[in-house]
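# Breakdown of the fold
Listed here are the chains, written in short residue letters.
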Amino acid sequence: MVFPEYRPRRFRRNAQLRSLIRETRLSPEQFIYPLFIMPGKGKREEVSSMPGVFRMTVDQLGREAKELRSLGLNHVILFGLPETKDPVGSGAHAKDGIIQKAIKELKNKEPELMVTTDVCLCEYTSHGHCGVLINKQVDNDATLEILAQVALSHAKAGADIVAPSDMMDGRVAEIRGILDENDFDMVPVMSYAVKYASAFYGPFRDAAECAPQEGDRQGYQMDPANVREALREATLDVDEGADILMVKPAIAYLDIISRLREEFDLPIAAYQVSGEYAMIKAAGQKGWIDPDRVMAESLLAIHRAGADIIITYGAKEMARMLNG
Ligand code: PBG
């Protein structure tokens, strides 16, 4: 059918007609909201490069959890700032570590809020790398055992989902193994399967104080140039027992999200990272863009590309927009 019989503008005439034929919709249920937990009491500190995002102490979590649930948000992912760091990241699996305490507090105050934990060492190591160093290199196999301990300690504290973000080879199998041995066979692994060595993580490294002291993460995170390698990484994680595959960052990697959606039948998650959020906020503060509309459009694009689940610092404002 061609013009004048077919006129695509017929359905653009008003909001009701547009929404009748809308192909992609966002819902607060698909978002995971990141929380940064810091030591101390009674504190909430805004992250300077991430307006509207706060680092908070454990005692603040009950109030935060209530607010999230009242917006229809059911999921958080936790990042911790430990009191002390060491070369092997011991704080990451300490029984009374910051994340372990945070999980217990959240489960105590708001049991229906689902808690995902980021499983990585970079916030806990004195050198800031995501694994242990041997001869100045991040040693893959030595790191695996520690990561497994971290995941287990999170599960013991009550985590609902564990999400390894370290990019060591073989970590999904290692984590699945230790969880199953300890009767946590119902705890899913959301793998940061395709995590690129990206400049978009800058503000997060300020927020979580985890920039590498020396060198960078290109020895373990992926080269932004690679698509086929992303499929190999995802295949490995599927074979090792991953339950959800994540792509990170999101907006600059929509092609990767879309490829994974086509090639795999697992749920796909995407992480709209700190730099993506910061750019929207900064341009908004300058009055150069409408930050709410750009946030909504970005999240819609990430979902349209194929992400079922979106981890985003914009979850609260997007939920408010969706709730009207
Ligand atoms: C830990 C981790 C990072 C992010 C999530 N988990 C930092 C990094 O890999 O450097 C980044 C998230 C963001 O930028 O919002 N490895």
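Above this note sits the structure.
A brief structural summary. These figures come from a predicted structure and were not determined experimentally. (Residues numbered from 1 in each chain as written. Predicted model: local features only at pLDDT ≥ 70, side-chain atom pairs only at ≥ 80, totals over all residues. Heavy atoms only, no water.)

### Observations concerning the overall build of the protein chain
Scanning the protein chain from terminus to terminus reveals eleven helices and twelve strands. The C-alpha atoms of the protein chain give 20 Å as radius of gyration, which agrees with the globular expectation for 324 residues (20 Å, within 12%). For the C-alpha atoms alone, the extent of the protein chain along its principal axes is close to 70 × 45 × 40 Å. Burial status across the protein chain gives 53% buried among its 324 residues. Here the analysis covers contacts within the protein chain between residues at least 6 apart in sequence; of these, 73% occur between residues at least 24 apart. Carbon and sulfur atoms make up 50% of the accessible area of the protein chain, which amounts to about 15100 Å² in all. (Helix = DSSP H or I, 4+ residues; strand = E, 2+ residues; numbered from the N terminus. Rg over C-alpha atoms; globule rule 2.2 N^0.38 Å. Buried < 20%, exposed > 50% of the residue type's maximum accessible area, 1.4 Å probe, protein only. Contact = heavy atoms within 4.5 Å. Areas by Shrake-Rupley, 256 points an atom, 1.4 Å probe, with all protein chains shown as cover.)

### Quick notes on a positive patch on the surface
A cluster of like positive charges, contributed by R7, R9, R10 and R12, occupies part of the molecular surface. Structurally, R10 is set in the segment before α1 (15-20). Taking the relative accessible area as the measure of exposure, R10 reaches 40% and is therefore partly exposed. (Patch = residues over 30% accessible without salt bridge, like charges linked within 9 Å, V, L, I, M, F, W, Y side chains within 5 Å. Salt bridge = Lys/Arg side-chain N within 4 Å of Asp/Glu carboxyl O. Lys, Arg positive; Asp, Glu negative; His and termini not counted. Charge placed at Lys NZ, Arg CZ, Asp CG, Glu CD.)

### Some words on the site of the ligand
Taken together, 17 residues lie near the ligand, and K195, R205, K248, S274 and Y313 sit nearest. With respect to the ligand, the side chain of K195 contributes an N or O atom lying 2.7 Å from an oxygen atom. Alone, the ligand offers 390 Å² of accessible surface; in the complex the protein occludes 100% of this. Here the residues of the shell around the ligand sort into nine nonpolar, three polar and five charged. (Near = heavy atom within 4 Å. Polar contact = N/O pair within 3.5 Å; in protein donor to acceptor, adjacent residues only side chain to side chain. Nonpolar A, V, L, I, M, F, W, Y, C, P; charged D, E, K, R; others polar.)

### Let's talk about the pairing of strand β12 (residues 309-312)
Side chains of β12 alternate between two faces, with I309 and I311 and I310 and T312 buried alike. Judged from the two bridges that link them, strand β1 (residues 31-37) and β12 form a sheet pairing that is parallel. Bridge assignment links I32 to a residue of β12, and that residue is I311. Strand direction decides the pairing type here: strand β11 (residues 268-272) and β12, joined by four bridges, are parallel. Looking at β12, one finds that Y271 is bridged to I311. (Pairing = 2+ DSSP bridges.)

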